Amino acid sequence: MSAYMMPEMYFNIDHGYLEGLVRGFKGGILKQADYLNLVQCESLDDLKLHLQSTDYGNFLANEPSPLTVSVIDDKLKEKLVIEFQHLRNHCLEPLATFLDYITYSYMIDNIILLITGTLHQRPINELIPKCHPLGSFEQMEAIHIAATPAELYNAVLVDTPLAPYFIDCISEQDLDEMNIEIIRNTLYKAYLEDFYSFCSELGGATAEVMCDALSFEADRRAFIITINSFGTELTKDDRSKLYPRCGKLNPYGLSQLGRADDYDQVRAVADIYGEYKELFEGAGTNPGDKTLEDKFFDREVQLMKNSFMQQFQMGTFYSYVKLKEQENRNIVWIAECVAQRHRAKIDSYIPIF
């Protein structure tokens, strides 16, 4: 028996039940027929009615009319969190740590949302409900007392799992818009590289599936960071420091991106990599075009669906959360279009199954 087979061989003993459960949850993801029903809804109450006949059931039953899009959004997140917590409460190591890693990206987003909100003088009790519940942690309420990254670290983050990722962000500079974006991307870089090495160490099919997924995420971030940096004060050197180094673009593609001056040069880098060339080819900003962001979401959905083809591995848990996230975005998009009576773009969701 090869050493490579060992993780898969013992996987079922510890994690088989939960893997079966998450595959069952995946069966409840909306199908194309459900979306065809949703886009025909005339009101949010119609939407609620249609969702009742799916796996969502009565999740909006206690909400008074008139329904709002933000209530639907909150309830979608709540449903995902209940499922996720159920998995987390019943799992053993190393799956427990793996699931914790999934929550770190939400923590990063929450921290950034809170710092940006307080920068704009929004009261903290108004901001907390806007945070994603998968990324909540005890010290969140204290974020408004920090004026510099060093204070943020010492007062708030030192006792959280994100502390090690924050080391590269600590400075005495004030927290302004530019610094906050740099912090977000520095945290994400450290997080993705750490998660990648954790999955590599797990070995077997988990490493295969997850290193693929995380390297895609790293490359997507590198492309987007580069494109968003044009026309800002961010220097090429600073930009290069933000690229996660665990993707397929590392090292050659990243060094090319680091030198890029415009969108065409970014596209030239993508042309060297088959899967990314394809994404840039069909992307545009004209009416009827898919944006680059949407093309990346499309590709992510494909990757996540493919990960369910392999058994006895933890990638299914990550993929399920990502697919549900996309489903939530889809439902909220359709709900917005219905609520605003703006139906022209109602079909611009990303189909999953």
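Residues numbered from 1 in each chain as written. Predicted model: local features only at pLDDT ≥ 70, side-chain atom pairs only at ≥ 80, totals over all residues. Heavy atoms only, no water.

A. Representation of unusual backbone geometry. Look at the link from Ser65 to Pro66: it is a cis peptide, with omega at -5°. With respect to the helices and strands, Pro66 occurs in the loop between α3 (44-52) and α4 (69-89). Cis rather than trans, the peptide bond between Glu93 and Pro94 has omega equal to 0°. In this structure, Gln121 is a non-glycine residue whose phi angle is positive, near 60°. Here Gln121 is to be found in the loop between α5 (95-119) and α6 (124-127). A positive phi angle, near 55°, is found at Phe312, a position not held by glycine. In this fold, Phe312 is placed in the loop between α15 (292-307) and α16 (315-339). (Helix = DSSP H or I, 4+ residues; strand = E, 2+ residues; numbered from the N terminus.)

B. Examining the state of the cysteines more closely. Tallying each qualifying case throughout the model produces 0 disulfides. Here Cys169 is not cross-linked by a disulfide; its sulfur's nearest cysteine counterpart is in Cys246, at 16 Å. Given the relative accessible area of 8%, Cys169 is considered buried. Distance from the sulfur of Cys211, which forms no disulfide, to the nearest cysteine sulfur (Cys199) is 6.0 Å. We classify Cys211 as buried; its relative accessible area is 12%. (Disulfide = S-S within 2.5 Å. Buried < 20%, exposed > 50% of the residue type's maximum accessible area, 1.4 Å probe, protein only.)

C. Geometry of the layout of surface pockets. There is about 1,400 Å³ of room inside the largest pocket. As for the largest pocket, its lining consists of 46 residues, and the residues nearest its centre are Asp109, Arg184, Tyr188, Arg221 and Glu293. Of all the secondary structure elements, the ones that give two or more residues to the lining of the largest pocket are α4, α5, α9 (177-202), α10 (204-229), α15 and α16. A per-element tally of the lining of the largest pocket places α9 first, with 9 residues. Residues that form the lining of the largest pocket fall into these classes: 21 nonpolar, 9 polar and 16 charged. Of the pockets and cavities examined, the second largest pocket occupies roughly 470 Å³. (1 Å grid on protein atoms, 1.4 Å probe; cavity = no way out; pocket = protein on both sides within 12 Å on 5 of 7 lines; lining within 4 Å. Points joined across faces, edges and corners; volume = space filled by probe spheres on them. Nonpolar A, V, L, I, M, F, W, Y, C, P; charged D, E, K, R; others polar.)

D. Expanded view of the confidence of the model for the chain. Counting all residues, the mean pLDDT for the chain is 93, and 98% of those residues have values of 70 or more. Predicted confidence for residues 1-6 stays below pLDDT 50, and this span has 5 contacts to residues more than four positions away or in other chains. (pLDDT = per-residue confidence, 0-100. Contact = heavy atoms within 4.5 Å.)

E. Summary view of the nonpolar core. Of all hydrophobic cores here, the largest spans 114 residues; its most connected members are Phe98 and Phe195. Dropping the residues within four chain positions of it, Phe98 is found in contact with Phe195, Phe198, Cys199, Leu202, Met210, Met314, Gly315, Phe317 and Tyr318. (Core = buried A, V, L, I, M, F, W, Y, C linked by side-chain atoms within 4.5 Å.)

F. How the structure looks around the pattern of salt bridges. One pass over the full model with this rule turns up 20 salt bridges. With a shortest N-O distance of 3.0 Å, Glu19 and Arg23 are connected by a salt bridge. Of this pair, Glu19 and Arg23 both sit in helix α1 (residues 6-27), separated by 4 residues, roughly a single helical turn. By relative accessible area, which is 23% here, Arg23 ends up partly exposed. (Salt bridge = Lys/Arg side-chain N within 4 Å of Asp/Glu carboxyl O.)

G. Just the packing of α4 against α16, in detail. At a closest axis distance of 9 Å, the pairing of α4 and α16 adopts a crossing angle of 165°. In terms of orientation, α4 and α16 fall into the roughly antiparallel class. Where α4 crosses over α16, the handedness of that crossing is right-handed. Across the interface between the two elements, Val69, Ile72, Asp73, Leu76, Lys77, Leu80, Glu83, Phe84 and Leu87 of α4 pack against Phe317, Tyr320, Val321, Lys324, Asn328, Ile331, Val332, Ala335, Glu336 and Ala339 of α16. In terms of residue class, the contact of α4 with α16 is built from 13 nonpolar, 1 polar and 5 charged. (Axes fitted to C-alpha atoms, helices over the stretch in contact; angles between N-to-C directions. Parallel < 35°, antiparallel > 145°, perpendicular 65-115°, else oblique. Left-handed = near helix turned anticlockwise from the far one by under 90°.)

H. Here's a closer look at the side chain of Asn185. Within the secondary structure, Asn185 is located in helix α9. The contact partners of Asn185, leaving out residues within four places of it in the chain, are Arg221, Ile225 and Leu242.

I. Examining the packing of aromatic side chains more closely. This structure, assessed with the given rule, holds 21 aromatic pairs. Ring plane angle 55° and centroid distance 6.4 Å describe the contact between Tyr273 and Tyr276, whose orientation is recorded as tilted. We note that Tyr273, like Tyr276, is buried. Among the aromatic residues, those joined into a cluster by ring pairs are Phe98, Tyr101, Tyr104, Tyr165, Tyr188, Tyr191, Phe195, Phe198 and Tyr318. Positioned above the aromatic ring of Phe308 is the side chain of Lys26, whose terminal nitrogen or guanidinium carbon lies 4.9 Å from the ring centre. Above the ring of Phe297, the side-chain terminus of Arg329 is found at 4.0 Å from the ring centroid. (Phe/Tyr/Trp six-rings, centres within 6.5 Å; stacked < 30°, edge-to-face > 60°. Lys NZ or Arg CZ within 6 Å of the ring centre and 35° of its normal.)

J. Quick look at a nonpolar patch on the surface. Together, Met9, Tyr10 and Ile13 make up a nonpolar patch on the protein surface, roughly 330 Å² of accessible area in all. In this structure Met9 comes out as partly exposed when scored by relative accessible area, which is 37%. (Patch = residues over 30% accessible without salt bridge, like charges linked within 9 Å, V, L, I, M, F, W, Y side chains within 5 Å. Areas by Shrake-Rupley, 256 points an atom, 1.4 Å probe, with all protein chains shown as cover.)

K. A look at the side chain of Thr316. The topology assignment puts Thr316 in helix α16. Of the residues examined, Thr316 reaches a relative accessible area of 0% and is grouped as buried. The residues contacting Thr316, other than those within four sequence positions of it, are Glu19, Val22, Arg23, Ser307, Phe308 and Gln310.

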